[in-house]
Amino acid sequence: MDPNTFPTKGNLMRAKNSLVLARQGYGLMDKKRNILIRELMGLIDEAKGIQSEIDSTFRAAYAALQKANIELGINYVQEVGASVPVETGVKIKARSIMGTEIPLVQHEAKPLQLTYGFYNTTQSLDEARYHFERVKELTIKLSMVENSAYRLANSIKKTQKRANALKNITIPKYETLSKDISEALEEKEREEFTRLKVIKRNKEKT
């Protein structure tokens, strides 16, 4: 038998203190969960908006690319595409929301530098390049938002699990323990009171 469950005043104080801490912990977990859920819902709405813009920009980009392929030839357009420099301006940092680390993607936007001449290309190629550049920027932003949403969702799940454990296991445990110890101590006091009354009555008779 756990000695902390013995009906003593010391154990009653410890049980009540543990109950107070468990309730405070549940309050904090519940508050954290609500904050994270609000952040997650905001990210989900933002991701939907970005995805919608990516879809429309992709359609415009491929329409311009198809036109450029027809006007300039697929091989030439592929050569121009191969000359586009690799993106090196993306940096990933982190920020914390209620203890949850989420990525902060920083993209250093640079002036659009064309790697081909205007004299031997058409407007459709310029449009395709512009739209695909926009798709790249949106995709970088979407990756940050979706990754953040995924991490927040995991954190919400863990927080919910801890809150449930406090609410359904820890708090009822200490409520029951406090009640049992209190009742046992009250019973002891009644027995002691009755015993003292009997002793006093017996003394008075003698």
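Residues numbered from 1 in each chain as written. Predicted model: local features only at pLDDT ≥ 70, side-chain atom pairs only at ≥ 80, totals over all residues. Heavy atoms only, no water.

1. So, the packing of helix α1 (residues 9-72) against helix α2 (residues 74-82)
Interhelical geometry of α1 versus α2 gives an angle of 120° and a closest axis separation of 7 Å. As far as their axial angle goes, α2 and α1 are oblique. Residues Leu 65, Ala 68, Asn 69 and Leu 72 of α1 lie in contact with α2, whose contacting residues are Ile 74, Tyr 76 and Val 77. (Axes fitted to C-alpha atoms, helices over the stretch in contact; angles between N-to-C directions. Helix = DSSP H or I, 4+ residues; strand = E, 2+ residues; numbered from the N terminus. Parallel < 35°, antiparallel > 145°, perpendicular 65-115°, else oblique. Contact = heavy atoms within 4.5 Å.)

2. Let's talk about unusual backbone geometry
Of note, the phi angle at Met 98 is positive, near 50°, even though the residue is not glycine. If you trace the backbone, Met 98 turns up in the loop between β1 (90-97) and β2 (100-107).

3. What to know about the packing of aromatic side chains
Under the counting rule described, the total for this entry stands at 3 aromatic pairs. Arranged with centres 5.6 Å apart and planes meeting at 15°, the rings of Phe 58 and Tyr 62 form a pair that is stacked. Taken as a pair, Phe 58 and Tyr 62 lie in helix α1 at a separation of 4 residues, close to a single helical turn. Its relative accessible area of 28% is what places Phe 58 among the partly exposed residues. (Phe/Tyr/Trp six-rings, centres within 6.5 Å; stacked < 30°, edge-to-face > 60°. Buried < 20%, exposed > 50% of the residue type's maximum accessible area, 1.4 Å probe, protein only.)

4. Examining the side chain of Ser 155
If you trace the backbone, Ser 155 turns up in helix α3 (residues 123-205). Judged by its relative accessible area of 10%, Ser 155 falls in the buried class. A polar contact is formed between the side chain of Ser 155 and the side chain of Thr 100, at a distance of 2.7 Å. Leave out the neighbours within four places in its chain, and Ser 155 touches Lys 32, Leu 36 and Thr 100. (Polar contact = N/O pair within 3.5 Å; in protein donor to acceptor, adjacent residues only side chain to side chain.)

5. Digging into the pairing of β1
Where β1 and β2 come together, 8 bridges link them in antiparallel fashion. Directly across from Lys 91, in β2, lies its bridge partner Gln 106. Taking the residues that link successive antiparallel strands as the turn, the β1-β2 hairpin has 2 residues, and the phi of Met 98 there is positive, at about 50°. (Pairing = 2+ DSSP bridges.)

6. What to know about the nonpolar core
In this structure, Ile 50 and Leu 152 are the most contacted members of the largest nonpolar core, which totals 14 residues. Going through the elements one at a time, α1 and α3 are the ones with two or more residues in this core. Those residues in contact with Ile 50 that lie beyond four places of it in its chain are Leu 138, Lys 141, Leu 142 and Val 145. Counting 6 residues, the second largest nonpolar core, distinct from the first, contains Ala 22, Ala 163, Leu 166 and Ile 171. (Core = buried A, V, L, I, M, F, W, Y, C linked by side-chain atoms within 4.5 Å.)

7. Considering a nonpolar patch on the surface
Taken together, the side chains of Ile 37, Met 41 and Ile 44 make up a nonpolar region of the molecular surface, amounting to roughly 230 Å² of accessible area. Among the structural elements, Met 41 can be located in helix α1. By relative accessible area, which is 46% here, Met 41 ends up partly exposed. (Patch = residues over 30% accessible without salt bridge, like charges linked within 9 Å, V, L, I, M, F, W, Y side chains within 5 Å. Areas by Shrake-Rupley, 256 points an atom, 1.4 Å probe, with all protein chains shown as cover. Salt bridge = Lys/Arg side-chain N within 4 Å of Asp/Glu carboxyl O.)

8. With respect to the confidence of the model for the protein
When the pLDDT values of the protein are averaged, the result is 87; 93% of them are 70 or greater. Across the protein, the secondary-structure element scoring lowest on mean pLDDT is β2, at 82, and the one scoring highest is α1, at 93. (pLDDT = per-residue confidence, 0-100.)

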